[in-house]
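# Residue-level structure breakdown
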Amino acid sequence: MTATKAWMAGGVLLAGLVVLALSVGTQGFGWGDGGSLLLLRSPRVLAALAAGLALGIGGAAQQGVFRNPLADPGLTGVFGGALFGIAVLLGLFPEAAWHRAWFIPAAAFAGALGTSALLTLFGSGGSASRLLLTGLGLNAFTAAGTLVIASRSGESRELLTNGAYGDWLGMATLELTWLPVLLCLAAALLLLPLARSLDLLSFGEDSARGFGCDVGSSRRKAVLLTALAAAAATCLVGQVAFIGLLAPHLARALAGPRHAHVLPLSALLGAVLLLGADTIGRGLWPQAPLSAAAVTAVIGAPLFIWIARGRHE
Amino acid sequence: MSDALIQALGLGVEIAGRRIIDGVSLSATRGQTVAIVGPNGAGKTTLLRALAGLLPSEGELEVGGYDPRIIDAAACAQTRAYCAQKPVSAWDYRVSDLGEIIGDPAGYAHWLTKLQLGEFSDRRLSELSGGEQKGAHLAMAFAALEEPFGGALLLDEPAAALDLSRQEAVRQAIMAFAQAGAACVVATHDLSFAQRCDLVAVLSEGRLIAAGEPASTLTPAIISEVWGAWASSAS
């Protein structure tokens with residue numbers, strides 16, 4: 001399939017999904033009287049679109065910068081770091097956390113950046129398993145930290161637990177989502193110009209520098225913006241693995257591996273996947289909706305094993 | 001400064017406390033081909049990477065009028081192109097994608113054809129043999145310098161793993177690039193190609209044993225000293 005056809009197919013799918021997502025929910029099918037249900041569901045749909053877009057392009061950028069098809073901010077601990085950052089803020093300053101719209105995104109960004117820095121320091125430059133094992137360790141550490149804080153902060157406990165299960169889309173309102181949505185879009189737009197650098201990095205550090213890529217600067221930008229994308233997405237949906245893994249793989253399969261195609265198409269497919277997962281979770285079980293994270297894990301986990309197996313062989 | 005396109009004076013490289021290159025001085029002017037030869041472990045690849053400004057090194061270095069260690073990567077790429085000994089790719093690009101990535105698909109296609117690889121343009125890298133993949137990356141290096149005149153081309157074992165016909169195509173491409181006004185430095189085990197170069201630098205244990213025209217550097221005495229000494233120390 002050519003990149004143009006992939007774009008058209010993805011665009012049509014996304015448009016159909018948006019209509020469907022706006023039509024299903026716990027209060028029945030349709031848009032309600034005078035579009036009341038439409039207004040109610042819009043922030044959730046917007047949040048899922050923006051978070052999916054950020055997760056997709058963030059995953060593609062992380063795979064590019066680490067030259068590793070198994071990299072995914074959800075698996076490498078960057079989402080865990082973002083949620084841990086939010087947990088620290090809610091645990092230490094539960095009252096102050098909601099005073100400014102940017103406090104929670106800033107805490108998530110600090111956490112995501114911290115884990116990204118540790119991942120770069122300890123996990124990069126070696127084999128694929130080194131990166132994933134470092135990510136596993138960071139995931140375990142941040143999850144434990146979030147759990148400890150959640151267990152000791154009564155009013156934030158449920159909130160943080162829901163975040164760990166990727167179940168925050170249900171509480172999306174325009175007041176809560178506008179800033180993370182803008183940050184998702186900003187991170188995605190700023191990642192797009194790194195396409196050529198990510199292509200050159202795929203040839204190894206020497207070759208990339210030989211062809212004029214400022215390796216250090218490109219890596220720093222990609223890591224920073226991936227952390228921003230992960231942090232903003234976490235603020236909207238909580239922890240969701242596999243979107244950042246699946247979207248770039250699908251993009252490469254559809255349009256080839258050049259990052260000029262992979263980055264924007266991963267964003268589109270990430271939005272399709274997350275909104276699709278959320279809509280399935282709500283549509284199939286309207287009285288007890290499944291979180292988007294649970295649906296993506298059901299699809300993503302077997303695929304991850306398949307990709308890892310293919311890579312090993 | 002002289003009209004040399006590549007000028008290294010007392011170049012030294014130390015990696016993890018071990019001296020890999022020690023006080024190497026080397027120069028190449030427009031139109032010259034230089035072969036860096038020596039046994040395995042002599043430091044050929046490290047010297048080439050140092051000349052390309054890809055490694056921290058001591059001593060004086062100028063390539064195309066600039067010190068590649070201090071100018072920014074984009075400016076540096078205007079003055080010199082480099083192809084690694086074993087180029088890799090994390091993703092399975094189509095061969096033609098490589099031309100798009102360096103921003104000169106027409107130039108890339110031209111050099112791909114020169115290297116007898118034009119027919120592979122639509123294939124994926126994974127469908128090519130190791131030698132053919134190396135050729136696809138070599139074409140990137142040739143095409144990356146917009147204008148050979150005044151540029152430096154640094155190639156590490158460019159003809160390794162290629163069949164005889166393509167080896168000759170690579171050699172002729174290097175000679176043609178030099179004739180167009182570039183300085184070409186090639187690290188190689190191929191002494192017959194070294195004989196055809198303008199200058200040969202013989203390296204052993206990181207030090208320059210001899211440098212000059214092939215007739216004065218690839219002598220039986222030097223070959224015996226360098227390769228023989230290495231063989232006996234290896235055993």
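This one's a predicted model, so the numbers in the text were calculated from it and none came from an experiment.

Per the secondary structure count, chain A includes 13 helices and 0 strands. Tracing chain A from N to C terminus, the helices and strands come up as α-α-α-α-α-α-α-α-α-α-α-α-α. For 313 residues, the compact-globule formula gives about 20 Å, and the C-alpha radius of gyration of chain A, at 19 Å, lands near that figure. Overall, chain A is about 60 × 45 × 35 Å in size when its C-alpha atoms are taken along their principal axes. Of all intrachain contacts in chain A linking residues separated by at least 6 positions in sequence, the fraction that spans at least 24 positions is 77%.

The subject of this paragraph is the interface of chain A and chain B. In this complex, chain A contributes 18 residues to the contact, which on the side of chain B involves 24 residues. Of all the secondary structure elements, the ones that give two or more residues to the side of chain A that touches chain B are α8 (195-201) and α9 (205-210) of chain A. Tallying contributions element by element places α9(A) first for the side of chain A that touches chain B, with 4 residues. The class makeup of the residues in the side of chain A that touches chain B is 5 nonpolar, 6 polar and 7 charged.

Geometrically, a packed helix pair is captured by the angle between its two axes and the distance between the axes. All names here are of chain A. In the contact formed by helix α3 (residues 78-92) and helix α10 (residues 215-237), the axes pass within 9 Å of each other and the chain directions differ by 55°. On the basis of the axis angle, α3 is oblique to α10. The interaxial crossing formed by α3 with α10 has right-handed handedness. Of the residues in α10, those touching α3 at Val-78, Phe-79, Ala-82 and Leu-83 are Thr-226, Ala-227, Ala-230, Ala-231 and Thr-234. For the contact of α3 with α10, the per-class residue count stands at 7 nonpolar, 2 polar and no charged.

Residues and elements named next belong to chain B. On the basis of which strands lie adjacent, the open sheet formed by 3 strands has the order β2-β1-β4 and antiparallel pairing. Each edge of the open sheet is held by one strand with a lone partner, namely β2 (18-29) and β4 (58-63). Between one strand and the next, the sheet's axes are offset by a mean angle of 15°, whatever the strand orientation. Alignment of strand β1 (residues 4-15) against β4, held across 5 bridges, turns out to be antiparallel. When the sheet's bridge partners are listed, Leu-9 is paired in β4 with Glu-60.

For the rest of this paragraph, the subject is helix α5 (residues 130-144) of chain B. The end-to-end C-alpha separation of α5(B) is 21 Å, in line with the 21 Å expected for 15 residues at 1.5 Å each. Counting buried positions along α5(B) gives 13 out of 15 residues, so the element sits mostly inside the fold.

Residue and element names in this part refer to chain B. For Gln-116, which is not glycine, the phi dihedral falls at a positive 60°. Assignment of secondary structure puts Gln-116 in the loop between α4 (105-114) and α5. The class for Gln-116 is partly exposed, based on 18 C-beta atoms found within 10 Å. For Glu-205, which is not glycine, the phi dihedral falls at a positive 50°. Mapped onto the fold, Glu-205 is located in the loop between β8 (199-204) and β9 (207-212). Classification of Glu-205 as partly exposed rests on a count of 18 C-beta atoms within 10 Å.

This brings us to helix α1 (residues 3-23) of chain A. All names here are of chain A. With 21 residues, α1 should cover 30 Å at 1.5 Å per step; its first-to-last C-alpha distance of 30 Å lies within 8% of that length. Looking only at α1, the buried set comprises Ala-6, Gly-10, Leu-17, Ala-21 and Leu-22. Projected onto a plane normal to the axis of α1, the buried residues spread over an arc of 120° and lie on a single side. α1 presents Thr-4, Lys-5, Met-8, Gly-11, Val-12, Ala-15, Gly-16 and Val-19 as exposed residues on the side facing more than 90 degrees away from its buried surface.

For the rest of this paragraph, the subject is the nonpolar core. The biggest cluster of nonpolar side chains holds 181 residues, and the ones touching the most others in it are A:Ala54, A:Cys184 and B:Val185. The leading source of residues in this core is helix α2 (residues 36-66) of chain A, at 14 residues. Contacts of B:Val185, omitting those with residues within four sequence positions, involve B:Ile6, B:Ala28, B:Val34, B:Ile36, B:Leu48, B:Leu51, B:Ala152 and B:Leu154.

Here is what the cut-offs are and how they apply
Residues numbered from 1 in each chain as written. Chains lettered and ligands numbered in written order. Predicted model: local features only at pLDDT ≥ 70, side-chain atom pairs only at ≥ 80, totals over all residues. Helix = DSSP H or I, 4+ residues; strand = E, 2+ residues; numbered from the N terminus. Rg over C-alpha atoms; globule rule 2.2 N^0.38 Å. Contact = placed C-beta atoms within 7 Å. Nonpolar A, V, L, I, M, F, W, Y, C, P; charged D, E, K, R; others polar. Axes fitted to C-alpha atoms, helices over the stretch in contact; angles between N-to-C directions. Parallel < 35°, antiparallel > 145°, perpendicular 65-115°, else oblique. Left-handed = near helix turned anticlockwise from the far one by under 90°. Pairing = 2+ DSSP bridges. Expected span 1.5 Å × (residues − 1). Buried ≥ 20, exposed ≤ 12 C-beta atoms within 10 Å, placed from the backbone. Arc of directions from axis to C-beta. Core = buried A, V, L, I, M, F, W, Y, C linked by C-beta atoms within 7 Å.

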